[in-house]
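# Breakdown of the fold
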Amino acid sequence: MSSNHNSAHGSLRSYSVGLILSIILTVIPFYMVMNHSLSSSGALIAVIFILAVVQIVVQAVYFLHLSKDAEGGWNMLTMWFTLMTVGIVVIGSIWIMFHLHMNTMS
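## Regarding the layout of surface pockets
Here the largest pocket is characterised by a volume of approximately 270 Å³. Forming the boundary of the largest pocket are Phe49, Val53, Ile56, Val57, Ala60, Val61, Leu66, Met76, Met79, Trp80, Leu83 and Val86. Counting residues per element, the ones that place at least two in the lining of the largest pocket are helix 3 (41-63) and helix 4 (74-104). For the lining of the largest pocket, the leading source of residues is helix 3, giving 6 residues. Here the lining of the largest pocket is composed, by residue class, of 12 nonpolar, no polar and no charged.

Given below as structure tokens:
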């Protein structure tokens, strides 16, 4: 195999780093929830959300091999478009449900 082919797919070290980071980013919120580390539920939700976003980035970089160099940046552009679309759908759904609740409940 050529070295160019191997660099596109990652190495054992790259997969190991991604796996370890994924485990750490999963264990931290689990520990925080199980031990009631934060007294404020809003702060706990914010920390879990932030760690979830970091987890998505780790997954995309280490396992999906998305980078600015991959195929001229088209993969990264596609990922950002997908995230934007999902964000609009999720935020829009929450907004609609909130307003339906406010307008239909006394």
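## A few points about the confidence of the model for the chain
On average, residues of the chain score 84 in pLDDT, and 87% of them reach the 70 mark or higher. Within the chain, no element has a lower average pLDDT than helix 1 (residues 3-9), which sits at 53, and none a higher one than helix 2 (residues 12-34), at 94. Here residues 1-6 is a poorly scored stretch, pLDDT under 50, and it has 1 contact once near neighbours within four places are set aside; other chains count.

## With respect to the side chain of Gln55
Relative to the assigned elements, Gln55 resides in helix 3. Engagement of the side chain of Gln55 in a polar contact is seen with the side chain of Ser22, the distance being 3.2 Å. Discounting chain neighbours no more than four positions away, the residues touching Gln55 are Ser22, Leu25 and Thr26.

## Concerning helix 3
The terminal C-alpha atoms of helix 3 lie 32 Å apart, and with 23 residues this matches the ideal 33 Å at 1.5 Å per residue to within 8%. Within helix 3 the residues assigned to the buried category are Leu44, Leu51, Gln55, Val58 and Ala60. Contacts from the buried residues of helix 3 go to helix 2 and helix 4. The residue sitting at the N-terminus of helix 3 and contributing the capping side-chain oxygen is Ser40; that oxygen lies 3.4 Å from the backbone nitrogen of Gly42. Following helix 3 by one or two positions, His65 has its phi on the positive side, about 55 degrees.

Scoring rules and cut-offs
- Residues numbered from 1 in each chain as written.
- Predicted model: local features only at pLDDT ≥ 70, side-chain atom pairs only at ≥ 80, totals over all residues.
- Heavy atoms only, no water.
- 1 Å grid on protein atoms, 1.4 Å probe; cavity = no way out; pocket = protein on both sides within 12 Å on 5 of 7 lines; lining within 4 Å.
- Points joined across faces, edges and corners; volume = space filled by probe spheres on them.
- Helix = DSSP H or I, 4+ residues; strand = E, 2+ residues; numbered from the N terminus.
- Nonpolar A, V, L, I, M, F, W, Y, C, P; charged D, E, K, R; others polar.
- pLDDT = per-residue confidence, 0-100.
- Contact = heavy atoms within 4.5 Å.
- Polar contact = N/O pair within 3.5 Å; in protein donor to acceptor, adjacent residues only side chain to side chain.
- Expected span 1.5 Å × (residues − 1).
- Buried < 20%, exposed > 50% of the residue type's maximum accessible area, 1.4 Å probe, protein only.

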